[in-house]
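Inside the fold
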Amino acid sequence: MGVVSRVLILAICLGVAGAGGAFAAVSADSTADHGKFDELKQPFADGREVTKACLKCHTEAGAHFMKSIHWTWTYEHPITGQTLGKKSLINAFCGNAVTNWGGCTSCHAGYGWADDDFDFSDQTRIDCLVCHDTTGTYYRDPQSPGHPACDRMFADKAPIDLAKVARNVGLPGRANCGSCHFHGGGGDGVKHGDLDSSLIAPARALDVHMDAEGLNFACTECHVTRRHLWAGSRYDVRAVDPEGTGLPGLRRDVATCESCHGDSPHPDNSLRHLKLNGHVDRIACQTCHIPAFARGGVATKTVWDWSTAGRLNEKGEPYKIEDYHQGDGQHRDTYITIKGGFEWGENVVPMYAWFDGVMRYTTADDGIDPSVPVEINHFEGSHDNPRARIWPFKEMRSKQPYDSVNNTLVYTHLWGRDDNAFWGNYDWPKAIAAGMDMAGKPYGGQFDFVETRMYWPITHMVAPKEDALACDQCHAADGRLADLSGFYMPGRDHFGWVDIAGYLALVGAFVGVLLHGLMRVVLKSGRREQ
Amino acid sequence: MIGLRKRNGGNAGAPRKHDVMIYSRYERFWHWSQAGLIFVLFFTGLGLHGTHDLLDFETAATIHTYAALALIVLWVFTTFWNFTTGQWKQYLFKQGIYRVIRFYAYGILVGEPHPYKKSLQRKQNALQSLAYMTFMMAIGPALWSTGFIYLIYDLWNGYAWSSEILWLVALVHTVAAFAMGAFVIVHVYMTTTGKTPLHYVKTMITGYDRIELSEVEEAYIRETGNVEMK
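Residues numbered from 1 in each chain as written. Chains lettered and ligands numbered in written order. Predicted model: local features only at pLDDT ≥ 70, side-chain atom pairs only at ≥ 80, totals over all residues. Heavy atoms only, no water.

What follows concerns the overall build of chain A. Summing up its helical and strand segments, chain A has 15 helices and 17 strands in all. In terms of its C-alpha atoms, chain A occupies a principal-axis envelope of roughly 120 × 60 × 45 Å. Relative to its 530 residues, chain A shows a buried fraction of 49%. For chain A, long-range pairs separated by at least 24 residues make up 70% of all intrachain contacts whose partners lie at least 6 apart in sequence. Carbon and sulfur atoms provide 55% of the accessible area of chain A, an area that totals close to 24700 Å². Charged side chains of chain A number 51 positive and 66 negative; the gap between the two group centres comes to 5 Å. (Helix = DSSP H or I, 4+ residues; strand = E, 2+ residues; numbered from the N terminus. Buried < 20%, exposed > 50% of the residue type's maximum accessible area, 1.4 Å probe, protein only. Contact = heavy atoms within 4.5 Å. Areas by Shrake-Rupley, 256 points an atom, 1.4 Å probe, with all protein chains shown as cover. Lys, Arg positive; Asp, Glu negative; His and termini not counted. Charge placed at Lys NZ, Arg CZ, Asp CG, Glu CD.)

This part is about the packing of helix 4 (residues 126-151) of chain B against helix 6 (residues 162-190) of chain B. All names here are of chain B. Their axes nearest at 9 Å, the elements helix 4 and helix 6 cross at an angle of 145 degrees. Of the two possible hands of crossing, helix 4 and helix 6 adopt the one that is left-handed. Across the interface between the two elements, A131, Y132, F135, I139, A142, L143, T146, G147, I149 and Y150 of helix 4 pack against L166, V169, A170, V172, H173, A176, A177, A179, M180, F183 and H187 of helix 6. (Axes fitted to C-alpha atoms, helices over the stretch in contact; angles between N-to-C directions. Left-handed = near helix turned anticlockwise from the far one by under 90°.)

All names here are of chain A. Under the definition given, this model contains 44 aromatic pairs over all chains. Ring geometry for F65 against W230: centres 6.5 Å apart, planes inclined by 90 degrees, an arrangement best described as edge-to-face. Of this pair, F65 sits in helix 3 (residues 61-65) while W230 sits in strand 4 (residues 229-230), and the two are 165 residues apart along the sequence. We classify F65 as buried; its relative accessible area is 6%. Using a relative accessible area of 28% as the deciding quantity, one classes W230 as partly exposed. Between the aromatic rings of W306 and W428, the centroid separation amounts to 5.8 Å while the plane-to-plane angle is 75 degrees, which identifies the pairing as edge-to-face. Taken as a pair, W306 in the loop between strand 5 (300-305) and strand 6 (320-321) and W428 in helix 14 (residues 428-439) lie far apart in primary sequence, 122 residues in all. Accessibility assignment for this pair places W306 and W428 in one class, buried. By way of ring pairs, the aromatic residues F93, W304, W306, Y324, F342, W344, F422, Y426, W428, F447, F449 and W456 are connected into one cluster. A cation sits over an aromatic face here: K301 above W304, 4.1 Å from the ring centre. (Phe/Tyr/Trp six-rings, centres within 6.5 Å; stacked < 30°, edge-to-face > 60°. Lys NZ or Arg CZ within 6 Å of the ring centre and 35° of its normal.)

Now for the side chain of H475 of chain A. Here H475 of chain A lies in the loop between strand 17 (447-457) and helix 15 (497-529). Of the residues examined, H475 of chain A reaches a relative accessible area of 17% and is grouped as buried. Within polar-contact distance, the side chain of H475 of chain A engages the backbone oxygen of P490 of chain A at 2.6 Å. Every residue in contact with H475 of chain A, bar those within four places of it in the chain, is listed here: H279, M489, P490, G491 and R492 of chain A together with F57 of chain B. (Polar contact = N/O pair within 3.5 Å; in protein donor to acceptor, adjacent residues only side chain to side chain.)

All names here are of chain A. Across all of its chains, the model carries one disulfide over all chains by this definition. Free cysteine C94: the closest other cysteine sulfur is in C104, separated by 6.5 Å. C94 sits in the buried class, given a relative accessible area of 18%. We note that C471 lacks a disulfide partner, and the nearest cysteine sulfur, in C288, lies 8.4 Å from it. (Disulfide = S-S within 2.5 Å.)

All names here are of chain B. With respect to the secondary-structure elements, K17 resides in strand 1 (residues 16-21). Judged by relative accessible area, which is 47%, K17 ranks as partly exposed. For K17 and E212, which are 195 residues apart along the polypeptide, the C-alpha to C-alpha distance reads 4.2 Å. Here K17 is in contact with R210, I211 and E212, once residues within four sequence places are set aside.

Contacts between the two partners involve 34 residues from chain A and, on the opposite side, 37 residues from chain B. The junction of chain A with chain B conceals about 3200 Å² of combined surface from both sides, 62% of it contributed by carbon and sulfur atoms. Residues R272 of chain A and E58 of chain B are paired through a salt bridge, measuring 2.2 Å at the closest nitrogen-oxygen approach. Taken together, the elements giving at least two residues each to the side of chain A that touches chain B come down to helix 11 (271-277) and helix 15 of chain A. Here the element with the most residues in the side of chain A that touches chain B is helix 15 of chain A; it accounts for 15 residues. (Buried area = accessible area lost by both parts, 1.4 Å probe. Salt bridge = Lys/Arg side-chain N within 4 Å of Asp/Glu carboxyl O.)

Another point: the domain arrangement of chain A. Residue and element names in this part refer to chain A. According to the domain assignment, chain A consists of domain 1 (34-75 + 91-191) and domain 2 (306-473). Summarising the inter-unit geometry, the C-alpha centres of domain 1 and domain 2 are found 25 Å apart. Listed per partner, the contact involves 25 residues of domain 1 and 26 residues of domain 2. The contact between domain 1 and domain 2 buries some 2100 Å² in all, and 59% of this surface belongs to carbon and sulfur atoms. Inspection of the domain 1/domain 2 interface yields zero salt bridges. The interface formed by domain 1 and domain 2 contains 14 residue pairs in polar contact (both at pLDDT 80 or more). Mapped onto the side of domain 1 that touches domain 2, the elements with two or more residues apiece are helix 5 (101-104) and helix 7 (148-151). (Domains from an automatic or database assignment.)

What follows concerns the packing of helix 1 (residues 25-49) of chain B against helix 2 (residues 57-85) of chain B. Residue and element names in this part refer to chain B. Look at helix 1 against helix 2: their axes get within 9 Å of each other, and the N-to-C directions meet at 150 degrees. In terms of their interaxial angle, helix 1 and helix 2 are classed as roughly antiparallel. The handedness of the crossing between helix 1 and helix 2 comes out as left-handed. When its residues are assigned to classes, the contact of helix 1 with helix 2 shows 20 nonpolar, seven polar and one charged. (Parallel < 35°, antiparallel > 145°, perpendicular 65-115°, else oblique. Nonpolar A, V, L, I, M, F, W, Y, C, P; charged D, E, K, R; others polar.)

Right under this line is the structure:
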């Protein structure tokens, strides 16, 4: 079977056309047909055997990939100096990957990260297929067993024909990236709000760039790659990009809108476009062009209350309530014993804030004030900071455990077959003590639950231009930017007593001339009668 | 040119009343297009300020901008016209303003005659001149200068002080706009104080008013045809 017919059949099976789509079909433009490689015409015992075959030809790919955050799960922030990444952070969703490796590393692009002893220098542990599979038949499981109740979720999957997958590798499509990034936080759309499975084959109305019938961009169209390092970082966002395009060939260091659209993105010199271009320095493109997120029929989690986790039904069993019915017809948990209570949102209007691009995190080492909501991450920015613009965010509101003696966030041990894992024993004291112990952090021995907030910059689900925000959605007293202060904005702001004096002057002038006119009329008729 | 130095009329023979065009075609065009633009600007400006909700912001901003540009062009031409025709002298300060104020505050109510007579060379009474001078030298410039600075915001918004200056510019613009609004209300009312309530409006439409001409003036007009007369 020729490459073209194989591509066609694949495209038909997947319901997508052309490269860049859901799973990127093997490109007919490629100079290599992996289906013809003898190295790949063999039964593979496991994924690592496939990787070994890949590395035989792609001799430098391993070394390149090992520098990627997809492998290291660690990020040294160049500005704050904070060590970020899943390898250490606590978030407002499942909490932490630390102490729960096997479960969380089902989304690590490697094989076998089940405990602290994972060998990050072993290239054969890289999982090439999760990103490069074009068949849609490849999947990943937890890297260590969890409680049977949890493992059940991963059962009943068809075995993977590794040789077939290996012979059908290609550049990553949206479904490849989405297999993890659409499901962050433990389910479809849970975490980001602007990334969920509706983007596998979205309509234009959901995302103009990923539109399956239109531009059909793969993620890597913007998150351009060099040496397996991707442009675009949530930890260090290019909040303002005055450089614009880097033609020819476009810039490859950033994933900003400006890197393609330039810093005067509204074309021609019409008054409307001149005025809109005048907003670019203060307003992120996303602010107007993503009027709401979670628009594709998949809900995003907006509230997560861990404090109610662990309840059992009358039979003494864990249970769940599926009380949220999302746009695509699916039912979502509003309560589940292992995780607690949730609220969901669709077509969510973002929160707006000045954002300088630098994300600062509250780590396990930072003290917290439990009397106010703890910001798991926070950022700075203001109207007079040229590095900042007004950005849209998803605000996540959670209630999660903390060390009420030391006033720090805690690592919770959820995943595993051991006696301490919360997902199985539903015992907070044990799960927290074990989590802190495994992470090597001091624990005061007592815990409580604290309100937390987490902020996710919104940048996907770019709506068609006709759906962009109208002026008066912000330029109004009760508009979307009503909460931002410290700067004058026409239509939103007034001048207090100056305004009052002005209106009084108008009314006074009107009443004055009215009275004057009235007196003229009355006195004139009086004179006539005389 | 004909010089009539004495107040309220000529000195050569008994003055006679004639229908004379005292507001030339350009002057009337200026007046009415300015009136229309100011009304449009005031209405859309109030919308932009959030006073009313009758237009969406984009429409209001678009109309306001184009109307402002048109008004600026009109004022540039009119400034040119005022100086080339010498009409700017009409706006100079005149004696007798207190008598005019007294007339509008009291005399008009009791049926006194207007203390001032319109003539070919003095179209405006002292109060009018002062009011129009204020309009042209204070309110107008405050509006167009801040409006223009506002319009080119994108050229200076990169500076650290841009936010504070924008606030100040908007404040001055708003204050001046309220002053303009009050001016227009009183001005429109004042048009009803003529011989009949619509007399002044008619004059400003047709350009003709019935004024006294001295014999010399009349002879000059008949001879030269410099001023239209019925």
